[in-house]
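These are the residues of each chain, in order.
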Amino acid sequence: MSGWNVANPRETQLEIAAAFAALPIAIEIKTDAGLVGIVHADCPFPSWQQFTGALEDRTLSKNVRDSIIDLAQWSRDRITAMEHETVGGVLAVVVGHTPVERFTSLGNVLYIDTGGWLRGRDFTILDAATLRPVDLRKRLQWETKA
């Protein structure tokens, strides 16, 4: 378990761990422009459908399935190699995990971990319709209803 959870009572640690374990490995958003995939670190297959199909394939051995999940959560292979190959079957794949100086894309893989958890850095929030970062420096203009 991560350091932030260590101070919690053991029962709370287990509840939090169980909640995280129940989260999906991959998420899909249907936009007007097409399907957008979201995964923590990388899509370890040439196509989004191969990836999600493998995640759902209960005939795979535990070792193979765990390897796929491990790559999805921790791989930095694509960004380390500066691979511009697109992931097929999807408009874009949004990933985090690897801190980058600014919003970056390689092919159709969008890297949004801009170190918002670090002092003086901002989180990257994407507009789902445009897949472009929202300018967080603009002040929100709240409308009031009379």
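Placed above this text is the structure.
Residues numbered from 1 in each chain as written. Predicted model: local features only at pLDDT ≥ 70, side-chain atom pairs only at ≥ 80, totals over all residues. Heavy atoms only, no water.

Moving on, we come to the layout of surface pockets. Space inside the largest pocket adds up to approximately 1,100 Å³. Around the largest pocket sit 38 residues that line it, and Phe20, Leu23, Pro24, His40 and Gln73 are the ones nearest its centre. (1 Å grid on protein atoms, 1.4 Å probe; cavity = no way out; pocket = protein on both sides within 12 Å on 5 of 7 lines; lining within 4 Å. Points joined across faces, edges and corners; volume = space filled by probe spheres on them.)

Attention now goes to the packing of aromatic side chains. Summed over all chains, the structure comprises two aromatic pairs. Plain terms: the ring middles of Trp48 and Phe51 are 5.3 Å apart, the flat faces sit at 70° to each other, and that makes the pair edge-to-face. Of this pair, Trp48 and Phe51 both sit in helix H2 (residues 48-56), three residues apart, roughly one helical turn. For the pair shown, Trp48 and Phe51 are each scored as buried. Grouped by ring-pair contacts, the aromatic residues Phe45, Trp48 and Phe51 constitute a single cluster. (Phe/Tyr/Trp six-rings, centres within 6.5 Å; stacked < 30°, edge-to-face > 60°. Helix = DSSP H or I, 4+ residues; strand = E, 2+ residues; numbered from the N terminus. Buried < 20%, exposed > 50% of the residue type's maximum accessible area, 1.4 Å probe, protein only.)

So, on to the environment of Asp57. Examined against the element boundaries, Asp57 turns out to sit in the loop between H2 and helix H3 (62-74). With a relative accessible area of 27%, Asp57 lands in the partly exposed category. For the pair Asp57 and His84, spaced 27 residues apart in the sequence, the C-alpha separation amounts to 28 Å.

With that settled, consider unusual backbone geometry. Phi is positive for Met82, close to 55°, though the residue is something other than glycine. Inspection of the secondary structure puts Met82 in the loop between helix H4 (77-80) and strand E3 (92-95). The exposure class of Met82 is partly exposed, given its relative accessible area of 48%. Here the phi dihedral of His97 falls at roughly 70°; this positive angle occurs in a residue that is not glycine. Inspection of the secondary structure assignment puts His97 in the loop between E3 and strand E4 (104-106).

Attention now goes to the sheet that holds E3. Whenever strands of a sheet pair, they do so through backbone hydrogen bonds, lying parallel or antiparallel. What the five strands build is an open sheet, ordered E1-E2-E3-E5-E4; its pairing is mixed. One side of each edge strand has no neighbouring strand; the edge strands of this open sheet are strand E1 (26-31) and E4. The sheet shows a mean angle of 25° between the axes of neighbouring strands, direction not considered. The sheet contact formed by E3 and strand E5 (residues 109-111) spans three bridges and is parallel. Looking at the pairing, Val95 lines up with Tyr111 of E5. (Pairing = 2+ DSSP bridges. Axes fitted to C-alpha atoms, helices over the stretch in contact; angles between N-to-C directions.)

We now examine the environment of Ile125. Along the chain, Ile125 turns up in the loop between E5 and strand E6 (126-127). Expressed as a C-alpha distance, the spacing of Ile125 and Ala19, which sit 106 residues apart in the sequence, is 24 Å.

A few words now on the nonpolar core. Counting residues in hydrophobic clusters, the biggest one holds 20 residues, and the most contacted among them are Val39, Trp48, Phe51, Val87, Val93 and Tyr111. Those elements giving two or more residues to this core turn out to be strand E2 (34-39), H2, H3, E3 and E5. At four residues, H2 tops the list of elements feeding residues into this core. Not counting chain neighbours up to four residues away, the residues in contact with Val39 comprise Ile25, Trp48, Phe51, Ala72, Val93, Val94, Val95 and Gly96. (Core = buried A, V, L, I, M, F, W, Y, C linked by side-chain atoms within 4.5 Å. Contact = heavy atoms within 4.5 Å.)

Below, the discussion takes up the pairing of E1. Of the pairings in the sheet, the one linking E1 to E2 comprises six bridges and is antiparallel in character. Opposite Lys30, over in E2, you have Leu35 as the bridge partner. Linking two consecutive strands that pair antiparallel, namely E1 and E2, is a turn of two residues.

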